[in-house]
Amino acid sequence: MTSLKFLHRAHDEAESRAELEATHTPEAIRVRLEASSRESYLKDFIYGAIDGAVTTFAVVAGVVGAALDNIIIVILGVANLVADGFSMAISNYLGSRAEAEQRDKARRSETRHIEKYPEGEKEEIRQIFARKGFSGEDLERVVDVITSDQDLWLETMLHEEFGIPRHGPVPWKAGVATFMAFVVIGSVPLLAYIMQALLPGLTIRPFFISCVLTGAAFFLVGAWKAKVVEQAWWRGGLETLLVGGSAAVLAYIAGHLLRGLA
């Protein structure tokens, strides 16, 4: 039994080593580095998806808690999808554009500094890489290489001094990602009610179906996010389900307590 475990362990280590070698060929490294320079809109999608599901299901739970008619759920839910989704998209667009403008301002400022006081900017590069462990001739060689290319010099200063990435998200793409996720995932809590409105003779329990579908949407979004960032998918799913479910429960309680006002 011990020898069998040893063989399995050796086989797994061999496979792992082979995978590492395959991902560290010059071509594989080039492809990976090119891919890493592309902007990711995962944050914008997750942001819109979770908020869309939470706010729309909050409408459903609040109206059900207040014991109002189901058609009100459809009206308020669709209004929330359009208005809140658009508001979030615009807010994300403006925030992303502000970051881009801040990045451009820092780039213009550092360009002026390099042009007007190159020796001072060279000293900044020297001290930056000295802190990274370079010294003597190696340090001077690094400084000479970086400062011989103004674009490289500028990007190095922006990244090392200000922590500004070379590229940022395209504002309109960030806004579109947020809006699309908000509308697509946010419509899930309404599906049962829309179906019931279109087919009046259909006998279903729309609130129960809405709870199940929304819970599944929360879990899947969280699991997908966790998989992308290489975390445990079930943990990410449960985390998102817990956050979204808590908001839904609070909305239901609020609607139930205020039902006498309707």
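Look above for the structure.
Structure report, in brief. (Residues numbered from 1 in each chain as written. Predicted model: local features only at pLDDT ≥ 70, side-chain atom pairs only at ≥ 80, totals over all residues. Heavy atoms only, no water.)

### Some words on the pattern of salt bridges
Under the criterion given, the structure shown has nine salt bridges. Measuring nitrogen to oxygen at the nearest pair gives 3.4 Å for the salt bridge that ties Lys-132 to Glu-160. Within this pair, whereas Lys-132 is found in the loop between helix 5 (118-131) and helix 6 (136-147), its partner Glu-160 is found in helix 7 (residues 150-162), the two being separated by 28 residues in sequence. According to the relative accessible area criterion, Lys-132 is partly exposed, its value standing at 45%. Judged by its relative accessible area of 31%, Glu-160 falls in the partly exposed class. Within the structure, one salt-bridge network assembled from shared partners comprises Asp-104, Arg-107 and Glu-155. (Salt bridge = Lys/Arg side-chain N within 4 Å of Asp/Glu carboxyl O. Helix = DSSP H or I, 4+ residues; strand = E, 2+ residues; numbered from the N terminus. Buried < 20%, exposed > 50% of the residue type's maximum accessible area, 1.4 Å probe, protein only.)

### Quick notes on the environment of Trp-172
Within the secondary structure, Trp-172 is located in helix 8 (residues 171-186). In this structure, the C-alpha to C-alpha distance between Trp-172 and Ser-96, residues 76 residues apart in sequence, is 8.4 Å.

### Points about a nonpolar patch on the surface
A surface patch of nonpolar side chains, about 490 Å² in accessible area, is lined by Val-249, Tyr-252, Ile-253, Leu-257 and Leu-258. Exposure remark for Val-249: the relative accessible area of 49% places this residue in the partly exposed category. (Patch = residues over 30% accessible without salt bridge, like charges linked within 9 Å, V, L, I, M, F, W, Y side chains within 5 Å. Areas by Shrake-Rupley, 256 points an atom, 1.4 Å probe, with all protein chains shown as cover.)

### Observations regarding helix 9 (residues 191-198)
Turning to helix 9, its buried residues number three or more, namely Ala-192, Tyr-193 and Gln-196. Seen end-on, helix 9 carries its buried residues on one side only, within an arc spanning 95 degrees. Along its buried surface, helix 9 packs onto helix 3 (42-65), helix 4 (70-116) and helix 10 (206-228). (Arc of directions from axis to C-beta. Contact = heavy atoms within 4.5 Å.)

### Examining the packing of aromatic side chains
A ring pair, where both rings are aromatic, is described by two values, the distance of the centres and the angle of the planes. All told, the structure shown has four aromatic pairs when counted by the stated rule. On the basis of an interplanar angle of 10 degrees and a centroid distance of 6.1 Å, the ring pair of Phe-57 and Phe-207 is categorised as stacked. Linking Phe-57 in helix 3 with Phe-207 in helix 10, this pair joins segments that are 150 residues apart in sequence. Taking the centre distance of 6.0 Å and the plane angle of 85 degrees together, the rings of Phe-219 and Trp-233 count as edge-to-face. Of this pair, Phe-219 sits in helix 10 while Trp-233 sits in helix 11 (residues 233-257), and the two are 14 residues apart along the sequence. For Phe-219, a relative accessible area of 22% gives the class partly exposed. Taking the ring centre of Phe-129 as reference, the NZ or CZ of Lys-132 above it sits at 6.0 Å. Sitting over the face of the ring of Phe-208, Arg-205 holds its NZ or CZ atom 5.1 Å from the ring centroid. (Phe/Tyr/Trp six-rings, centres within 6.5 Å; stacked < 30°, edge-to-face > 60°. Lys NZ or Arg CZ within 6 Å of the ring centre and 35° of its normal.)

### Quick look at the side chain of Thr-56
Checked against the element boundaries, Thr-56 lands in helix 3. Once you skip the residues sitting within four places of it in the chain, Thr-56 turns out to touch Gly-77, Asn-80, Leu-81, Gly-186, Pro-189 and Leu-190.

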